[in-house]
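If you want the building blocks of each chain, they are given just below.
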Amino acid sequence: MTEKLPPELQTQLGKFQQLKDQLDKLLQEKAVVEGELKEINKVLEELSSLPADSLLYKIIGNIFVKTDKAKVESELNDRKDLLELRSKAYQKQEGLLRKQLEELQTKINEMLSRYYPQSGGVTKA
């Protein structure tokens, strides 16, 4: 018993899947940013326990380059600020996508109950 869904419902389900895919991609990107932020915070914490004149090396490509602590801290803090901004943007975008998904889910459920009144909406297996 395979029934063809009404075109309007198919369209809404397509939009729902697109939004869900966008949210999944966003959550992956957000996880990468948060992981990098966590790593930077650990490095900054370690650096704070070192004397100011400590000898540090930074990896650039395939080589280590000697650098000073203040320069490394400055670069890490700049990167941290950028990542925090991205994280906030991702959080805001995530909230918007989740709201759109909820609204679309409600609309789809209403359409299902209109087209298939006996089923009473979506049933989960």
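With an unreviewed UniProt entry as reference, the protein chain is termed Prefoldin subunit beta, source organism Sulfuracidifex metallicus DSM 6482 = JCM 9184.

Draft legend 1. Summary view of helix α2 (residues 69–115). Between its first and last C-alpha atoms α2 spans 67 Å; for 47 residues at 1.5 Å apiece the expected length is 69 Å, and the two agree. The opening residue of α2 is D68, an N-cap whose side-chain oxygen sits 3.3 Å from the backbone nitrogen of A70.

Draft legend 2. Molecular detail of helix α1 (residues 7–48). Over its 42 residues, α1 extends 61 Å from the first C-alpha to the last, a length consistent with the 62 Å expected when each residue adds 1.5 Å. L9, Q12, F16, L19, L23, L26, K30, V33, L37, I40, L44 and L47 are the residues of α1 that are buried. Contacts from the buried residues of α1 go to β1 (55–60) and α2.

Draft legend 3. Structural view of the nonpolar core. Counting 22 residues, the largest nonpolar core has L9, L47, L76 and I108 as its most contacted members. Looking at this core, the elements that each hand over two or more residues are α1 and α2. Residues in contact with L47, not counting those within four places in the same chain, are L56, K69, V72, E73 and L76.

Draft legend 4. Representation of the UniProt feature "coiled-coil region" (unreviewed entry) in the protein chain. UniProt annotation of "coiled-coil region" (unreviewed entry) refers to residues 9–43 and 87–114 when read in the numbering used here. Taken end to end, residues 9–43 is 100% helix and 0% strand, and its two terminal C-alpha atoms sit 51 Å from one another. Between the end C-alpha atoms of residues 87–114 there is a gap of 40 Å, over a span that is 100% helix and 0% strand.

Draft legend 5. Summary view of the side chain of S87. Here S87 lies in helix α2. For S87, a relative accessible area of 7% corresponds to the buried category. Apart from residues no more than four positions distant in its own chain, S87 is found in contact with V33, E34 and L37.

Draft legend 6. Molecular detail of the layout of surface pockets. Taken as a whole, the largest pocket holds about 200 Å³ of empty space. If you trace the largest pocket, you find it lined by V43, L47, L56, Y57, K58, I59, F64, V72, E75 and L76. The element contributing the most residues to the lining of the largest pocket is β1, with four residues. Considered class by class, the residues forming the lining of the largest pocket number eight nonpolar, no polar and two charged.

Draft legend 7. Representation of the pairing of strand β2 (residues 63–68) in the model. Here β1 pairs with β2 via six bridges, running antiparallel. Within β2, the position partnered with I60 by the bridge is I63. Counting the residues between successive antiparallel strands, the hairpin from β1 to β2 contains two residues, one of them, G61, with a positive phi of roughly 70 degrees.

Here is what the cut-offs are and how they apply
Residues numbered from 1 in each chain as written. Predicted model: local features only at pLDDT ≥ 70, side-chain atom pairs only at ≥ 80, totals over all residues. Heavy atoms only, no water. Helix = DSSP H or I, 4+ residues; strand = E, 2+ residues; numbered from the N terminus. Expected span 1.5 Å × (residues − 1). Polar contact = N/O pair within 3.5 Å; in protein donor to acceptor, adjacent residues only side chain to side chain. Buried < 20%, exposed > 50% of the residue type's maximum accessible area, 1.4 Å probe, protein only. Contact = heavy atoms within 4.5 Å. Core = buried A, V, L, I, M, F, W, Y, C linked by side-chain atoms within 4.5 Å. UniProt positions renumbered as here; feature names shortened; annotations may be inferred. 1 Å grid on protein atoms, 1.4 Å probe; cavity = no way out; pocket = protein on both sides within 12 Å on 5 of 7 lines; lining within 4 Å. Points joined across faces, edges and corners; volume = space filled by probe spheres on them. Nonpolar A, V, L, I, M, F, W, Y, C, P; charged D, E, K, R; others polar. Pairing = 2+ DSSP bridges.

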